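What follows is the residue order along each chain.
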Amino acid sequence: MNAHVQYQVDPVVRTQLDFKLEEIPRFWFAGDPFRTRVFDALSLTFPDGERYFIECVRLFRDKIQEPELQARVADFIKQEAQHGIAHDKMNQLMKEQGMPVEQFTTMLKKIFRFELTKRSPQYNIAMTAAAEHLTALMAETFYSKKETLKDVHPYVRALLAWHSIEEMEHRDVAFDVMQQVGEVPEATRKFALAITTALMLGFTLYRANVMLRCDGFDGRQRLQLFRKGLPWFLGPKGILTAMKKEYLDWYKSDFHPSQHPVIHQYDVWVKTYQETKDPILAGQAFWEAGH
């Protein structure tokens, strides 16, 4: 374990969470079609993406000797399975809205099957660890400032809060598998984040464009939506741009995910959920505790 590691929380498996997603409006992010569909496009990736991560970690499960890491891997798999179930419900709503969900997921399944069968286990575990690095930054990206998700429907905000919390809890599991038993070359590890980022960004924007077309926006209108909306994500003061330093830490030779502090209101979510068993109340408390 790297000498700089300071922050770690153990994965906790939480099941049967109800976010009442059937009650959310079509454009649940401030009535903004672009922001809504970008987040929807990202959600589309999660069910099959989570299943891919599980398969990648399982490739190395027999090599893990340390009982603690074995236990963390087991909880990682259970958490990721729950994320897939929750986002499947989100995807079903999009299907009911007339979105070509099956077209997207069929393509994803083919891509992940290709990766698992044609690429090396080392490549796949590096891709998983890199993707976990990205998703672990979600909590800080979306929730450190209340303003960021102020106009998001509280049920969706609660779903993203829970997902972010658990990504933070298991952010170092795939990395530790990669580091301890993966025998992954350093060049492969660093390349994995670059290609994962490019693929995730490219596919997300592509799907958002297709969904906006299904919403009835013509080419000119969609171009205007992208021109107006993209800076919120990727501009000089964009929410993703703000995490540039933490993102680039991956490329340090002595990097470990646990070097990053846990978001300051993590305990607020955990305590509220323990007391109420309501993920929506926990998500609201978590958001309200932001700066």
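Residues numbered from 1 in each chain as written. Predicted model: local features only at pLDDT ≥ 70, side-chain atom pairs only at ≥ 80, totals over all residues. Heavy atoms only, no water.

**Describing the overall build of the chain**
So, step 1. When helices and strands are tallied, the chain shows 12 helices and zero strands.
So, step 2. Listing each helix as α and each strand as β along the chain from the N terminus yields α-α-α-α-α-α-α-α-α-α-α-α.
So, step 3. Taking 291 residues into account, the globule formula puts the C-alpha radius of gyration at 19 Å, and the chain, at 18 Å, falls close to it.
So, step 4. Projected onto its principal axes, the C-alpha coordinates of the chain cover approximately 55 × 45 × 35 Å. (Helix = DSSP H or I, 4+ residues; strand = E, 2+ residues; numbered from the N terminus. Rg over C-alpha atoms; globule rule 2.2 N^0.38 Å.)

**Examining the packing of helix H6 (residues 154-169) against helix H12 (residues 279-288)**
So, step 1. Relative to each other, H6 and H12 sit at 80°, their axes nearing to 8 Å. Judged by the angle between their axes, H6 and H12 are roughly perpendicular. Taken together, the residues of H12 that come into contact with H6 (itself represented by Pro154, Tyr155, Arg157, Ala158, Ala161 and Ile165) are Pro279, Ile280, Gly283, Gln284, Phe286 and Trp287.
So, step 2. Looking at side-chain class alone, the contact of H6 with H12 contains nine nonpolar, two polar and one charged residues. (Axes fitted to C-alpha atoms, helices over the stretch in contact; angles between N-to-C directions. Parallel < 35°, antiparallel > 145°, perpendicular 65-115°, else oblique. Contact = heavy atoms within 4.5 Å. Nonpolar A, V, L, I, M, F, W, Y, C, P; charged D, E, K, R; others polar.)

**Describing the packing of aromatic side chains**
Given two aromatic rings, one states the distance between the centres and the angle between the planes to describe the pair.
So, step 1. One pass over the structure, following the stated rule, counts 18 aromatic pairs.
So, step 2. Centroid distance Trp28 to Phe39: 5.9 Å. Interplanar angle 65°. Geometry classified as edge-to-face. In this pair, Trp28 is assigned in the segment before helix H1 (33-58) and Phe39 in helix H1, connecting sequence segments 11 residues apart. Phe39 carries the same exposure label as Trp28, and that label is buried.
So, step 3. The structure contains a cluster of three or more aromatic residues connected by ring pairs, namely Trp28, Phe29, Phe34, Phe39, Phe142, Phe226, Trp232 and Phe233. (Phe/Tyr/Trp six-rings, centres within 6.5 Å; stacked < 30°, edge-to-face > 60°. Buried < 20%, exposed > 50% of the residue type's maximum accessible area, 1.4 Å probe, protein only.)

**Considerations on the environment of Arg189**
So, step 1. Among the secondary structure elements, Arg189 is positioned in helix H8 (residues 186-214).
So, step 2. By relative accessible area, which is 5% here, Arg189 ends up buried.
So, step 3. Separated by 61 residues in the primary sequence, Arg189 and Trp250 place their C-alpha atoms 8.9 Å from one another.
So, step 4. Those residues within four positions of Arg189 in sequence are excluded, and the remaining contacts are Ala126, Phe175, Met178, Val184, Trp250, Tyr251, Lys252, Ser253 and Phe255.

**Brief notes about helix H9 (residues 219-234)**
So, step 1. With 16 residues, H9 ought to run about 22 Å at 1.5 Å a step, and its terminal C-alpha atoms sit 21 Å apart, in line with that.
So, step 2. Along H9, the largest kink reaches about 30° and is centred on Lys228; proline Pro231 follows within four residues of it.
So, step 3. Residues Arg222, Leu225, Phe226, Gly229, Trp232 and Phe233 constitute the buried set of H9.
So, step 4. The backbone nitrogen of Arg220 has a side-chain oxygen 3.2 Å away, supplied by the residue at the start of H9, namely Asp218. (Expected span 1.5 Å × (residues − 1). Bend = angle between axes of the 7 residues up to and from the residue. Polar contact = N/O pair within 3.5 Å; in protein donor to acceptor, adjacent residues only side chain to side chain.)

**Focus on unusual backbone geometry**
So, step 1. Located in the positive-phi region is Lys20, a residue other than glycine, with phi close to 55°.
So, step 2. Here Lys20 is to be found in the segment before H1.
So, step 3. Residue Lys20 is classed as partly exposed on the basis of its relative accessible area of 34%.
So, step 4. Phi at Ala30 is positive, roughly 55°, even though this residue is not glycine.
So, step 5. Relative to the helices and strands, Ala30 is located in the segment before H1.

**Considering the confidence of the model for the chain**
So, step 1. In the predicted model, the chain carries a mean pLDDT of 95, and 98% of its residues have values of at least 70.
So, step 2. No element of the chain has a lower mean pLDDT than helix H5 (residues 138-143), at 92, and none a higher one than H12, at 98. (pLDDT = per-residue confidence, 0-100.)

**Things to note about the side chain of Glu169**
So, step 1. Relative to the elements of secondary structure, Glu169 occurs in helix H6.
So, step 2. Of the polar contacts made by the side chain of Glu169, one reaches the backbone nitrogen of Val12; its length is 3.3 Å.
So, step 3. When neighbours within four sequence positions are excluded, Glu169 is seen to be in contact with Val9, Asp10, Pro11, Val12, Arg14, Gln79 and Tyr266.

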